[in-house]
Amino acid sequence: MNRIHLLRKTPLYKIDWMSFVLFSTMLVLIAYVLVYGQEYDWLDDKRIVYSICAILFLFLVSIARQKTLKRPAVDLSVFKSRNFAIGIVFLVILYVIRGAFSLTSSYFIMVLGMDSLHANEIMIFNIGGVVVGSVVAIRFLINQKHLRVLWVTGFGFLFVFFLWMCQLFASEAGTENFYLPLFMQGVGAGMVMSPIVMFIMSSVPEKLSQSASSVGIFVRFSTFSLSLALINFYQLYFKGKHNDDLRSSLTLLDFNLPDRLKMYQAALSSRGMPRDEAGKAAIGLLNKAVQKQTFSQFCVSYYEWIAVLCLLSIILIALQPVISRTVINLRNKQPAAVGF
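All values reported here derive from a predicted model rather than from experimental measurement. (Residues numbered from 1 in each chain as written. Predicted model: local features only at pLDDT ≥ 70, side-chain atom pairs only at ≥ 80, totals over all residues. Heavy atoms only, no water.)

A. Representation of the overall build of the protein chain. Within the protein chain one finds 12 helices and zero strands. Reading the secondary structure of the protein chain in the N-to-C direction produces α-α-α-α-α-α-α-α-α-α-α-α. Every one of the 340 residues in the protein chain was classed for burial, and the buried ones make up 40%. Within the protein chain, contacts between residues separated by at least 24 positions form 78% of all contacts whose residues are at least 6 apart in sequence. Entry remark: accessible area of the protein chain is about 19500 Å², with carbon and sulfur atoms responsible for 64%. (Helix = DSSP H or I, 4+ residues; strand = E, 2+ residues; numbered from the N terminus. Buried < 20%, exposed > 50% of the residue type's maximum accessible area, 1.4 Å probe, protein only. Contact = heavy atoms within 4.5 Å. Areas by Shrake-Rupley, 256 points an atom, 1.4 Å probe, with all protein chains shown as cover.)

Here is the structure:
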């Protein structure tokens, strides 16, 4: 905001505002399709079909526009870099993993019955982990260490977190059991987030840095929306499967079901509810308990898949020779090209 400008000002006539309009509109439509597609039965709804057609149209128009402009907002030559494509792949994986973390907050509220304020207070441990992981990542980059060690360690922390949470998901749990896993998740995310961004930005020449940044924003936003779509889809699938299994066991195998209903009814009656109303409310309490159990089982099933994705990421990093040789020099004016 001061009068000293280290970078030269860009005249307004050089700002490609039309590309921004096309870009932002396409992002909003992608988020709309991915987030609400499951709710509207995807292609069975005209709104989703029209949105998909609009996305394809805007995409083709944007590509044609960038190829004809003298100073394109997104220079498509960034995709010629192999290292840039590798970085984008890991960015997609990272934000699918990061999106799955939202189930932990949902579990605190829906199953453990926490209020939003209490659930957010617990997330302070996760924020602390992100700070620690980011500091470690910055020190690695400043000291010009190899990225492979950093990435494998970060994804390793995320892998342990998801497996650990699979053991902690239950109908009742103490909040102190989640402090260390949340901190570990934050450390893992902090250790891989900044290095992946630096890997992407430093894989192209300085003149293409703005284009690389725009593509990264597009991928990050779209992948986060994709993660929400995956959660909605698998929640419907796993919850239906687990709900059917649990209800069949209650009706066929659980011979203590009448005693459980009587226990709910007695507890409600002891608090002043009439006996006939307590009988109806007891069935509602049983249904609520079943819903909590099925949601917990869905979280376990989904986190197992995410843990497998973390493990595959570690294997890819270990087998990718470019990452094994990569050192990013932050002491230069611009990050050095990766893979030298």
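B. Structural view of helix α7 (residues 147-168). Between the first and last C-alpha of α7 there are 32 Å, a value that for 22 residues agrees with the 32 Å anticipated at 1.5 Å per step. By the burial criterion, the buried members of α7 are Leu147, Leu150, Trp151, Gly154, Phe155, Gly156, Leu158, Phe161, Phe162, Met165, Cys166 and Leu168. (Expected span 1.5 Å × (residues − 1).)

C. How the structure looks around helix α4 (residues 102-110). Every buried residue of α4 is accounted for by Leu103, Thr104, Tyr107 and Phe108. One side of α4 holds all its buried residues, which, seen down the axis, span an arc of 145 degrees. (Arc of directions from axis to C-beta.)

D. Structural view of unusual backbone geometry. Within the chain, Asp41 stands out as a residue other than glycine whose phi angle is a positive 65 degrees. Along the chain, Asp41 turns up in the loop between α1 (17-36) and α2 (46-68).

E. Highlighting the confidence of the model for the protein chain. The pLDDT averaged across the protein chain works out to 81; a share of 76% of its residues lies at or above 70. Overall, residues 336-340 carries pLDDT values under 50, and its contacts beyond four positions in sequence, including any with other chains, amount to 14 contacts. (pLDDT = per-residue confidence, 0-100.)

F. Structural view of the side chain of Ser211. By secondary structure assignment, the location of Ser211 is in helix α9 (residues 209-252). In this structure Ser211 touches Ala73, Val74, Asp75 and Val78, once residues within four positions along its chain are discounted.

G. Fine view of the pattern of salt bridges. Scanning all chains against the criterion turns up one salt bridge. As a salt-bridge pair, Asp45 and Arg47 come within 3.0 Å of each other at their nearest N and O atoms. (Salt bridge = Lys/Arg side-chain N within 4 Å of Asp/Glu carboxyl O.)

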